[in-house]
Amino acid sequence: MFHWKKASKMRDMPAKKKSTKNNSSPKRGIKYEDKSPGQPELVPIFNEIKKLMKPYIKGSIKERGDSKGQYGLVSEMEIEVNGKKKPEVYFVGALVQKGYVGFYFMPVYSEPELKKVLPQELLKCLKGKSCFYIKKKDPILLSQIKDALKLGYEDYKKKGWVK
């Protein structure tokens, strides 16, 4: 049942303030709460992966969200995928989660054939379509991530997604 008194009270109430939460991306917000303070054993893994990603900051590839346990690389150039124009394409990211560092590697999503050339140790960490759960600072695994980054960059270059 509709109540006129309640409706008039609601009309006179001040509007809710918009949230001022910090977004990880200057263009789009990703709801993310920094988990690195509660996961100190994961921060060195995150830093190693971030270090492996840094050499790819060139041409159209730019950094995003370089703070609070999150880091990403995006190719800032317009591309077309399945007839749809996109202003940018996500390349790779690292994010401290609860219990693991998420290594988000989009080339395996856009080109599933890449999975056939990735080593089994790295593939065992793949959960979902493009997120690898990295739980330990393993030099072999980090070397495989380094090789995967090179393969992914070459694939994006071949597709014309990076300059």
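All figures in this text were calculated on a predicted structure; none of them were measured in a lab. (Residues numbered from 1 in each chain as written. Predicted model: local features only at pLDDT ≥ 70, side-chain atom pairs only at ≥ 80, totals over all residues. Heavy atoms only, no water.)

## Brief notes about the overall build of the protein chain
The secondary structure content of the protein chain amounts to five helices and eight strands. Scored against the burial criterion, the 163 residues of the protein chain give a buried share of 39%. The long-range share in the protein chain, meaning contacts at least 24 apart out of those at least 6 apart in sequence, stands at 56%. As displayed, the protein chain offers around 10900 Å² of accessible surface, 54% of which is attributable to carbon and sulfur atoms. (Helix = DSSP H or I, 4+ residues; strand = E, 2+ residues; numbered from the N terminus. Buried < 20%, exposed > 50% of the residue type's maximum accessible area, 1.4 Å probe, protein only. Contact = heavy atoms within 4.5 Å. Areas by Shrake-Rupley, 256 points an atom, 1.4 Å probe, with all protein chains shown as cover.)

## Comments concerning the sheet that holds strand S5 (residues 89-96)
Across the sheet, six strands lie side by side as S1-S2-S5-S6-S8-S7; this open sheet has antiparallel pairing. Only two strands of the sheet have a single partner each, and these edge strands are strand S1 (61-67) and strand S7 (126-127). Note: S5 against strand S6 (residues 101-105), five bridges, orientation antiparallel. Residue pairing for S6: Leu-95 is matched across the bridge by Gly-102. Along the sheet, helix H2 (residues 43-53) makes contact with S1, strand S2 (70-75), S5, S6 and strand S8 (131-134), crossing S5 at roughly 160 degrees. (Pairing = 2+ DSSP bridges. Axes fitted to C-alpha atoms, helices over the stretch in contact; angles between N-to-C directions.)

## Overview of the pattern of salt bridges
Counted by the stated rule, this structure contains eight salt bridges. One salt bridge connects Glu-111 with Lys-159, and the closest N-O pair in it is separated by 3.4 Å. With Glu-111 in the loop between helix H3 (107-110) and helix H4 (120-123) and Lys-159 in helix H5 (residues 139-159), this residue pair connects regions lying 48 residues apart in the sequence. Across the pair Lys-159 and Asp-155 runs a salt bridge whose closest N-O atoms are separated by 3.2 Å. In this pair, Lys-159 and Asp-155 are both assigned in helix H5, four residues apart and thus about one turn of the helix distant. Asp-155 gets classed as buried once you look at its relative accessible area, which sits at 5%. (Salt bridge = Lys/Arg side-chain N within 4 Å of Asp/Glu carboxyl O.)

## Some words on the nonpolar core
Ile-49, Phe-91, Phe-103, Phe-132, Ile-134, Ile-145 and Leu-149 are the most contacted members of the largest nonpolar core, which totals 38 residues. Secondary structure elements with two or more residues in this core: H2, S2, S5, S6, S8 and H5. Broken down by element, the residue count for this core peaks at seven residues, all from H5. Contacts of Ile-145, omitting those with residues within four sequence positions, involve Ile-49, Leu-52, Phe-103, Leu-122 and Ile-134. (Core = buried A, V, L, I, M, F, W, Y, C linked by side-chain atoms within 4.5 Å.)

## Some thoughts on the confidence of the model for the protein chain
On average, residues of the protein chain score 83 in pLDDT, and 80% of them are at 70 or above. pLDDT under 50 marks residues 1-11. Its contacts with residues more than four places away, or in other chains, come to one contact. Ignoring residues within four places in sequence, the model shows residues 13-30, a span with pLDDT below 50, making 13 contacts including any to other chains. (pLDDT = per-residue confidence, 0-100.)

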